Amino acid sequence: MQKLLFWIPQRPPEGVAFDTWTTVLQLLASVAVVLIAGGTFVTLLIYKRSARNLKPPDMHSALGPYTPMRWVWLSLVFGLLEMSVCVGIYPPAPIEGELAASLQLGLFVFLAVFVLSFVGILKIDALTPAMHRGKRSLAEAFRLSGQPAKDYA
Amino acid sequence: MNTLICAGGTGARSLESVFHLCAAGLGPQRLRIFVVDGDTSNGNLSRASAVLASYLDCQKKYQDTGFFTTEFEFFQPSGEAPSQEGTERLDSWNPMPAKSLLDLVKNDTQQTAAMGDVLNLLFEEKEQNTPVDGGYRGRPAIGAAALALLKENGGRDTQPADGGQRLANALKADLQGQQRVKVFLAGSVFGGTGASTLYPISRFIKEDLKGDKATIGVAALVPYFQFSGDPGAGELAAKAENFDLATKMATEFYTYLFESGDWHFNSLYWIGYNQPRLMKYQHWGNEQVNPAHFVDLLAGLACLDFFAKDESKDVCKVSGLAGDEPFITWEDLPGYEDVRSGLLTLFLAGMIHKGQIAPSFAEMANRPRDVYWFKELFASRRPPETLDSKDFQAWDTFWNLHEKWWLQMQTEAERRLKLLPGEAAAGDHIDYNRPELALGRPDISSGEVFHSVLENMADIDGPLRQELARKTAPSRYLKLLRRATERMVNRYVKSNRERMAGAGAFPK
């Protein structure tokens, strides 16, 4: 499992026992896997619900922003969670190493959830009502301004 | 072949209803139209002509959309050059080959003296001299006298340009063929032209054309309007005060025909309304343009009912409105489920197109991915296609006429008519922002209706995609829109009567 964190040195930092380091890496990798899988699942679930509830009441709204795509940014939360876990379980070591590892792991989980969610939204048609399928794009995820269509659910 | 013969102003209004019903896809596959009216410039006929011209234009431009499905065969005025698109005119046949009844007898040189005596016996001098180019002025006897010559005129081939002759030739050809021959006549029994036409023409078909295999149906309309003004004192014209008497005489006449065995009708539809609409008196000619009425729609439905059914035995149907119930709803119409679905589908498609989609054509072209059906069926084609308002001018013209037809009928809404709720279409406008009202569903939001249309338009499965790919862009769009609105109508429309009863409008 720890091979998942391939860019983190397998050798423990100075003052940390090898077994402890291995256990920490395995734990961090496991948490990352859970957060990536769970995060992607949760993101897709919320996206699906949001897309289904998005019912443009008029043509102007239909041509407006596609707000459900913004849910891919939920991956940031899972990245932060991974960072928190990392800070919590990181063994006593120089603070620079702990911060660097936390940022790297957080970024890794964030990117993984973001990419997997985005690809899932693009590829799994069942998640998106047919009328919205043309609008699934990265541009819509970055389109943070605009009045969303009224939710009739 | 199906043939519809409309007589007089009432017949012309029934014909207009038939056009609107056929536009909704409710008509037969093919229909021949023939108009009988001494008043060839009748305003009601001009309006029906305008609807037909617009219908034909749409049929040509938007093929196989599910709308405008009936192919019409009709006669244009003799000697008229082939019409340009959208300018076709219906010919109106004047059975009276003379300016007045007296002239008619004078023309018949062999029998002038004898016929003159008969004329003096049966008609007042005023009736004999009254010009009949404006119709028969509520005097069916005048028209009946002219139509007595139908056998003579119809049997000859010397006047190919004559409308009656053209009809006779067409019916003769039908009767010699293998297909079933159905003829439907529509007209009032309380005016002049209709009352004088229905029986003579049916007799002519059965006896003179030897049309035993022809099935003949009639929509006999009894008074459903009255005049608020009066023609000038002493003027020979249709007068509301005579309507009831004329109707009584007509029913007695038809009873006599039935009892005496001189009965040529296979189906007879008596259609009326017990609260006649008050209308301003209008002279003949272009001035005679009466607003569309619910009874015209009933006459149109009677016509379609007759052509749709393969009945070999004779039937007599009575369609009217009982005085006990406060509202006229879709359930009061014969075959209401199909009629409701067809008419509401057309109405909703028109509303959604004009109110929502058409104004966004340009924006859709700029943001093609935002509307899935547009992206898939238009923008992603090679070369990419767009939708342009110019391509829908024919549709817009028809829709304006259709809208007006509904609004004129809906003036009854103040009292009883509840086909489209009064809030959706009344007075002089349709509220394009409230399609849910047109569906009779104020409990749902307009947004939900529109969203539902978009959702159904995006549901493009494989076979449909292939079918649509072969059509022109406007036809592709209209077919998709029709399918979506039809689904929506079938999903949302419940029995108005049930819902009204639920709301305490009247007892269950």
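The shown structure was predicted, so the numbers you read here are calculated from the model rather than taken from an experiment.

Caption draft 1: Highlighting unusual backbone geometry. All names here are of chain B. With an omega dihedral of -5 degrees, the bond running from arginine 382 to proline 383 counts as a cis peptide bond. One non-glycine residue with positive phi stands out, namely aspartate 64, at about 55 degrees. Positionally, aspartate 64 belongs in the loop between α2 (43–61) and β3 (71–74). The phi angle at phenylalanine 68 is positive, at roughly 55 degrees, despite the residue not being glycine.

Caption draft 2: Region of interest: helix α1 (residues 8–23) of chain B. Residue and element names in this part refer to chain B. With 16 residues, α1 ought to run about 22 Å at 1.5 Å a step, and its terminal C-alpha atoms sit 23 Å apart, in line with that. Of all 16 residues in α1, 16 are buried; the element is thus mostly enclosed. Just past α1, the residue glycine 25 takes up positive phi, approximately 85 degrees.

Caption draft 3: Seen up close, empty space enclosed by the protein. Applying the stated rule across the entire model yields 4 cavities of 30 Å³ or more. When its volume is computed, the second largest cavity comes out at roughly 100 Å³. In terms of lining, the second largest cavity is formed by 14 residues, of which the most central are A:Pro56, A:Ala62, A:Met131, A:His132 and B:Asp370. Elements with a contribution of two residues or more to the lining of the second largest cavity: α2 (59–62) of chain A together with α14 (372–379) of chain B.

Caption draft 4: Local environment of the nonpolar core. Counting residues in each nonpolar core, the largest one holds 116 residues, and the members touching the most others are B:Phe184, B:Leu297, B:Ile357, B:Met364, B:Trp373, B:Leu387 and B:Tyr477. For this core, the element with the highest residue contribution is helix α11 (residues 294–308) of chain B, accounting for 11 residues. Setting aside chain neighbours within four positions, we find B:Ile357 in contact with A:Met59, B:Ile352, B:Met364, B:Trp373, B:Phe450, B:Met457, B:Tyr477 and B:Leu481. Residues B:Phe75, B:Val181, B:Ile216 and B:Ala220 belong to the second largest nonpolar core, which totals 32 residues.

Caption draft 5: Just the packing of helix α12 (residues 336–357) of chain B against helix α15 (residues 393–410) of chain B, in detail. Residues and elements named next belong to chain B. Contact pair α12 / α15: the axes reach a minimum separation of 11 Å and the direction vectors enclose 120 degrees. Here α12 lies oblique to α15, going by the angle between them. Between α12 and α15 lies a crossing of left-handed hand. Contacts between α12 and α15 pair Leu343, Leu346, Phe347, Ala349, Gly350, Met351, His353 and Lys354 from the former with Trp395, Asp396, Phe398, Trp399, Asn400, His402, Glu403, Trp405 and Trp406 from the latter. Counted by class, the contact of α12 with α15 contains 10 nonpolar, 4 polar and 3 charged residues.

Caption draft 6: The arrangement of the confidence of the model for chain A in detail. On average, residues of chain A score 85 in pLDDT, and 89% of them are at 70 or above. Per-element mean pLDDT across chain A ranges from 83 in α2(A) up to 91 in helix α1 (residues 18–53) of chain A.

Caption draft 7: Up close: the interface of chain A and chain B. Residue-level contacts link 19 residues of chain A with 19 residues of chain B. A combined buried area of about 1700 Å² lies between chain A and chain B, and 63% of that area is made up of carbon and sulfur atoms. It is A:Met59, A:Leu63 and A:Met131 in chain A that bury the most area against chain B; as a group they hold 42% of the surface buried on that side. For the interface between chain A and chain B, the tally reads 0 salt bridges. Along the contact surface separating chain A from chain B lie 3 residue pairs in polar contact (both at pLDDT 80 or more).

Caption draft 8: Just the environment of A:Pro129, in detail. Residue and element names in this part refer to chain A. Position of proline 129 among the secondary structure elements: in the loop between α4 (95–123) and α5 (138–142). Residue proline 129 is classed as buried on the basis of its relative accessible area of 15%. When the C-alpha atoms of proline 129 and lysine 48 are compared, they prove to be 8.6 Å apart, with 81 residues separating the residues in sequence. Those residues within four positions of proline 129 in sequence are excluded, and the remaining contacts are Ala51 and Arg52.

Caption draft 9: Representation of the pattern of salt bridges. All names here are of chain B. For the coordinates displayed, the defined rule picks out 20 salt bridges over all chains. Of the charged contacts, one joins glutamate 16 and arginine 47 as a salt bridge, the two residues approaching to 3.0 Å between their closest N and O atoms. In this pair, glutamate 16 is assigned in helix α1 and arginine 47 in helix α2, connecting sequence segments 31 residues apart. Pair check on accessibility: glutamate 16 and arginine 47 agree, each one buried. As a salt-bridge pair, glutamate 73 and arginine 32 come within 3.0 Å of each other at their nearest N and O atoms. Here arginine 32 lies in strand β2 (residues 30–36) and glutamate 73 lies in strand β3, a separation of 41 residues in the sequence. One network of salt bridges, with partners in common, ties together Arg30, Arg32, Glu73 and Asp174.

Caption draft 10: Representation of the pairing of β3(B) within the structure. Residues and elements named next belong to chain B. Burial along β3 is one-sided: Phe72 and Phe74 are buried, and none of Glu71 and Glu73, which face the opposite way, are. Bridging between β2 and β3 involves 4 bridges; their strand directions are parallel. Across the sheet, arginine 30 pairs through a bridge with glutamate 71, a residue of β3.

Caption draft 11: Spatial organisation of the pairing of strand β5 (residues 181–188) of chain B. All names here are of chain B. Along β5, 8 of the 8 residues are buried, which leaves the element largely enclosed by surrounding structure. Every second residue of β5 is oriented toward a common face, with Val181, Val183, Leu185 and Gly187 on one face and Lys182, Phe184, Ala186 and Ser188 on the other, all of them buried. Relative to β5, strand β1 (residues 2–7) runs parallel, the two sharing 5 bridges. Bridged to asparagine 2 within β5 is lysine 182. Summarising the sheet, β5 and strand β6 (residues 214–221) pair through 8 bridges and their orientation is parallel. Paired with serine 188 across the bridge in β6 is leucine 221.

Caption draft 12: Spatial organisation of the environment of B:Leu90. Topologically, B:Leu90 is positioned in the loop between β3 and β4 (92–93). The buried category is assigned to B:Leu90, whose relative accessible area is 5%.

Caption draft 13: Structural context of the confidence of the model for chain B. All names here are of chain B. Per-residue pLDDT for chain B has a mean of 78; in total, 72% of the residues score no lower than 70. Per-element confidence in chain B is highest for α1, whose mean pLDDT is 92, and lowest for helix α7 (residues 150–155), whose mean pLDDT is 50. The low-confidence segment residues 154–161 (pLDDT under 50) makes 16 contacts with residues lying over four places distant or belonging to another chain. Reported confidences for the modelled complex are a pTM of 0.83 and an ipTM of 0.75.

Analysis parameters
- Residues numbered from 1 in each chain as written.
- Chains lettered and ligands numbered in written order.
- Predicted model: local features only at pLDDT ≥ 70, side-chain atom pairs only at ≥ 80, totals over all residues.
- Heavy atoms only, no water.
- Helix = DSSP H or I, 4+ residues; strand = E, 2+ residues; numbered from the N terminus.
- Expected span 1.5 Å × (residues − 1).
- Buried < 20%, exposed > 50% of the residue type's maximum accessible area, 1.4 Å probe, protein only.
- 1 Å grid on protein atoms, 1.4 Å probe; cavity = no way out; pocket = protein on both sides within 12 Å on 5 of 7 lines; lining within 4 Å.
- Points joined across faces, edges and corners; volume = space filled by probe spheres on them.
- Core = buried A, V, L, I, M, F, W, Y, C linked by side-chain atoms within 4.5 Å.
- Contact = heavy atoms within 4.5 Å.
- Axes fitted to C-alpha atoms, helices over the stretch in contact; angles between N-to-C directions.
- Parallel < 35°, antiparallel > 145°, perpendicular 65-115°, else oblique.
- Left-handed = near helix turned anticlockwise from the far one by under 90°.
- Nonpolar A, V, L, I, M, F, W, Y, C, P; charged D, E, K, R; others polar.
- pLDDT = per-residue confidence, 0-100.
- Buried area = accessible area lost by both parts, 1.4 Å probe.
- Salt bridge = Lys/Arg side-chain N within 4 Å of Asp/Glu carboxyl O.
- Polar contact = N/O pair within 3.5 Å; in protein donor to acceptor, adjacent residues only side chain to side chain.
- Pairing = 2+ DSSP bridges.

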